[in-house]
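Structure assessment
So the chains spell out like this:
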Amino acid sequence: MTVVKSPLEKLKYEVAGELGIGTDDTTYRQNLEKMKIEAAREIGIYDQVKDGYWGEVPSRECGRVGGRLGGKIGGNMVKKLIALAEQQIQQKW
């Protein structure tokens, strides 16, 4: 069964591929999990999440992990969207 991805979802996977995170669901999710553990180590909460359970981690700490991950992917998505918008504006003028 083929899953149709939205244009935004396609952009996410394109950016993830450029960052070496993966271009399919399985690879992307596996690499994202590795990145979450790496970020948890960097901010000092690895001992709380090493068993895979994040339920005891305060939302502030989860946000710090998510911010590190989202910045890599989301920031590059924003750059691509801005470049696309600039290109479309130039074509109109």
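One can find the structure itself at the top, above this paragraph.
Each value, and the rule that gives it
- Residues numbered from 1 in each chain as written.
- Predicted model: local features only at pLDDT ≥ 70, side-chain atom pairs only at ≥ 80, totals over all residues.
- Heavy atoms only, no water.
- Helix = DSSP H or I, 4+ residues; strand = E, 2+ residues; numbered from the N terminus.
- Rg over C-alpha atoms; globule rule 2.2 N^0.38 Å.
- Buried < 20%, exposed > 50% of the residue type's maximum accessible area, 1.4 Å probe, protein only.
- Contact = heavy atoms within 4.5 Å.
- Areas by Shrake-Rupley, 256 points an atom, 1.4 Å probe, with all protein chains shown as cover.
- Lys, Arg positive; Asp, Glu negative; His and termini not counted.
- Charge placed at Lys NZ, Arg CZ, Asp CG, Glu CD.
- Phe/Tyr/Trp six-rings, centres within 6.5 Å; stacked < 30°, edge-to-face > 60°.
- Lys NZ or Arg CZ within 6 Å of the ring centre and 35° of its normal.
- Axes fitted to C-alpha atoms, helices over the stretch in contact; angles between N-to-C directions.
- Parallel < 35°, antiparallel > 145°, perpendicular 65-115°, else oblique.
- Left-handed = near helix turned anticlockwise from the far one by under 90°.
- Nonpolar A, V, L, I, M, F, W, Y, C, P; charged D, E, K, R; others polar.

**Some words on the overall build of the protein**
- When its secondary structure is counted, the protein shows four helices and zero strands.
- In the protein, the succession of helices and strands from N to C terminus is α-α-α-α.
- Computed over the C-alpha atoms, the radius of gyration of the protein is 16 Å, more than 25% above the 12 Å expected from 2.2 N^0.38 for a compact globule of 93 residues.
- Evaluated residue by residue, the protein yields a buried proportion of 25% over its 93 residues.
- A fraction of 42% describes how many contacts in the protein between residues 6 or more apart in sequence connect residues 24 or more apart.
- Surface summary for the protein: the accessible area is close to 6,900 Å², and the carbon and sulfur share equals 53%.
- In the protein, 15 positive and 13 negative side-chain charges are present, and the distance between their average locations comes to 3 Å.

**Details of the packing of aromatic side chains**
- Inspection of every chain in the model, using the stated rule, returns one aromatic pair.
- The positively charged end of K36 is found above the aromatic ring belonging to W54, 5.3 Å away from the centroid.

**Some points on the side chain of E61**
- Following the sequence through the fold, E61 ends up in helix α4 (residues 59–92).
- If we skip the residues at most four places from it in the chain, E61 touches I43 and I45.

**Some words on the packing of helix α2 (residues 25–43) against α4**
- As a packed pair, α2 and α4 sit with axes 9 Å apart at the nearest point and diverge in direction by 130 degrees. It follows from the interaxial angle that α2 and α4 lie oblique. Crossing hand, α2 versus α4: right-handed. Contacts between α2 and α4 involve Y28, L32, M35, K36, A39, A40, E42 and I43 from the first element and E61, R64, V65, R68, L69, K72 and I73 from the second.
- Across the contact of α2 with α4, the residue classes tally to nine nonpolar, no polar and six charged.

Don't take any of this as a statement about function, it's just geometry.
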